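# Fold and contact review
What follows is the residue order along each chain.
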Amino acid sequence: MRGIYIGLVGLLAGAVPALAATPPDSAAATDLKSLGPTQPAKVQDGQYTDKNGDPTYHVTDGGKKVDWYTMSGYLRYNANCIVCHGPDGMGSTYAPSLVDALKGMDYAHFAGIIVGGKKDVTASQELVMPAFGDNRNVMCYMPDIYTYLRARSDGAVGRNRPEEHEAKPAAFTKAEDACMK
Ligand code: HEC
């Protein structure tokens, strides 16, 4: 029995590289049992989505390990948003906390703000969220940034850089190359 078991494990281990080499287009989506509105209901090529099809995070190992999109979102957030929204989405004197703002905000609403910007101008203040619609460094990574901020908003990831991440999916690299061209 034991010999058969080890044989099977060996077989499975042998199959992993073959699976990873499957072209991204042909990988099928896997259904997951979603445990809440922001929890993954599906995963395809390392990208998790909730019941509504919105991008969402997958955090394991007690908060230490994140999916690739959360990791990428962390990096893009720090490159493009931190200057106004502060470290880890916590907000600043100028711009609101995105940890709070993301609560209940769906992806379409989020994307609308990022593409078109947002303004709150009164006699005493002028708060301007720039439109990023022409900025590929943001546009090509919008699901990533949303995913990271959602994880922050739910408290699934803490402050600072995530310690570990899932492998970068081949489909990610392909989409990134196509978008940045
Ligand atoms: C130049 C400063 C600045 C930068 C850079 C910036 N924002 Fe903003 N953002 C703001 C301000 C100011 C507001 C508030 C606007 C308002 O109140 O109408 C805002 C609002 C938002 C909101 C809406 C919050 C709410 O409560 O409805 C979201 C979401 C958002 N920003 C995301 C981002 C993301 C993601 C990035 C990086 C890609 C980013 N912002 C970069 C200044 C900035």
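The residue numbering used here restarts from 1 in each chain and proceeds along that chain's sequence as written. It should be noted that, the model being predicted, local features are given only for residues of pLDDT at least 70 and side-chain atom pairs only at 80 or more, the latter also being counted only at that level, while totals for whole chains, interfaces and linings use all residues.

### Considerations on the overall build of the chain
A run of DSSP states H or I qualifies as a helix once it reaches four residues; a run of E qualifies as a strand once it reaches two. Both are numbered from the N-terminal end. When its secondary structure is counted, the chain shows eight helices and nine strands. To sort residues by exposure, count the other C-beta atoms lying within 10 Å of each residue's C-beta; 20 or more gives buried, 12 or fewer gives exposed, and values between give partly exposed, all with C-beta atoms placed from the backbone. The buried share among the 181 residues of the chain stands at 25%. Considering only residue pairs separated by 6 or more positions, the chain has 55% of its internal contacts joining residues 24 or more positions apart. Here the contact rule is simple: place C-beta atoms from the backbone, and any two residues whose C-beta atoms are within 7 Å are in contact.

### Thoughts on the pairing of strand 7 (residues 118-121)
Both strand 7 and strand 8 (residues 126-129) contribute to a ladder of four bridges, which runs antiparallel. Opposite Lys 119, over in strand 8, you have Val 128 as the bridge partner. In short, DSSP must find at least two bridges between two strands for them to pair. In this antiparallel pair of consecutive strands, strand 7 and strand 8, the connection spans four residues.

### Notes on the nonpolar core
Defined on buried residues, the nonpolar core groups Ala, Val, Leu, Ile, Met, Phe, Trp, Tyr and Cys residues joined through C-beta atoms within 7 Å. In terms of nonpolar packing, the biggest core is built from 22 residues, with Val 66, Tyr 77, Ile 145, Tyr 148, Leu 149 and Ala 151 touching the most fellow members. Going through the elements one at a time, helix 2 (68-80), helix 4 (98-101), helix 5 (107-116) and helix 7 (142-153) are the ones with two or more residues in this core. When near neighbours in sequence (up to four residues on either side) are disregarded, Tyr 77 contacts Ile 82, Gly 89, Ile 145, Tyr 148 and Leu 149.

### Digging into the site of the ligand
Here is the check we use: build the C-beta atom from the backbone, and if it is within 6 Å of the molecule or strand, call the residue near. If you check the shell around the ligand, you find 23 residues, and the closest are Cys 81, Cys 84, Ala 101, Asp 120 and Met 129. Among the secondary structure elements, those contributing two or more residues to the shell around the ligand are helix 3 (82-85), helix 4, helix 5, strand 7 and strand 8. Each residue is assigned to one class: nonpolar for Ala, Val, Leu, Ile, Met, Phe, Trp, Tyr, Cys and Pro, charged for Asp, Glu, Lys and Arg, and polar for all the others, Gly among them. Grouping the constituent residues of the shell around the ligand by class yields 18 nonpolar, two polar and three charged.

### Structural notes on the packing of helix 2 against helix 7
The contact between helix 2 and helix 7 brings their axes to 7 Å, and the two run at 100 degrees. Put simply, helix 2 runs roughly perpendicular to helix 7. In this structure, helix 2 uses Tyr 69, Thr 70, Ser 72, Gly 73, Tyr 74, Arg 76 and Tyr 77 to contact helix 7, whose residues at the interface are Pro 143, Asp 144, Ile 145, Thr 147, Tyr 148, Leu 149 and Ala 151. Axis lines are fitted through C-alpha atoms, for helices just across the contact stretch, and the angle between N-to-C directions can take any value from 0 to 180 degrees. If an angle is under 35 degrees, it is roughly parallel; if it is over 145, roughly antiparallel; if it lies from 65 to 115, roughly perpendicular; otherwise it is oblique.

### Description of unusual backbone geometry
Trans is the prevailing form of peptide bonds, just as negative phi is the prevailing case for residues other than glycine. Even without glycine at this site, Asp 45 takes up a positive phi of about 50 degrees. Of note, Asp 45 is situated in the loop between strand 2 (42-44) and strand 3 (47-49). Phi is positive for Asp 61, close to 55 degrees, though the residue is something other than glycine. Its location among the elements puts Asp 61 in the loop between strand 5 (59-60) and strand 6 (65-66). With 9 C-beta atoms counted inside 10 Å, the residue Asp 61 sits in the exposed group.

### Section: helix 2
The span you would expect from a helix comes to 1.5 Å times its residue count less one. In this model, helix 2 (13 residues) spans 18 Å end to end at C-alpha, consistent with the 18 Å of a helix rising 1.5 Å per residue. When helix 2 is considered as a whole, its buried residues turn out to be Trp 68, Tyr 69, Thr 70, Met 71, Ser 72, Gly 73, Tyr 74 and Tyr 77.

### Notes on the sheet that holds strand 5
Pairing in this open sheet of three strands is mixed, and the strands run 5-6-9 from one edge to the other. Each edge of the open sheet is held by one strand with a lone partner, namely strand 5 and strand 9 (164-165). In terms of strand pairing, strand 5 meets strand 6 through two bridges, oriented antiparallel. Paired with Thr 60 across the strands is Lys 65, a residue of strand 6.

### Some details on the confidence of the model for the chain
For the chain, per-residue confidence averages 89 on the pLDDT scale, and residues scoring 70 or more make up 86% of the total. In the predicted structure, residues 1-22 sits below a pLDDT of 50 and forms one contact with residues beyond four places in sequence or in another chain. The quantity called pLDDT is the predictor's confidence in a given residue, expressed from 0 to 100.

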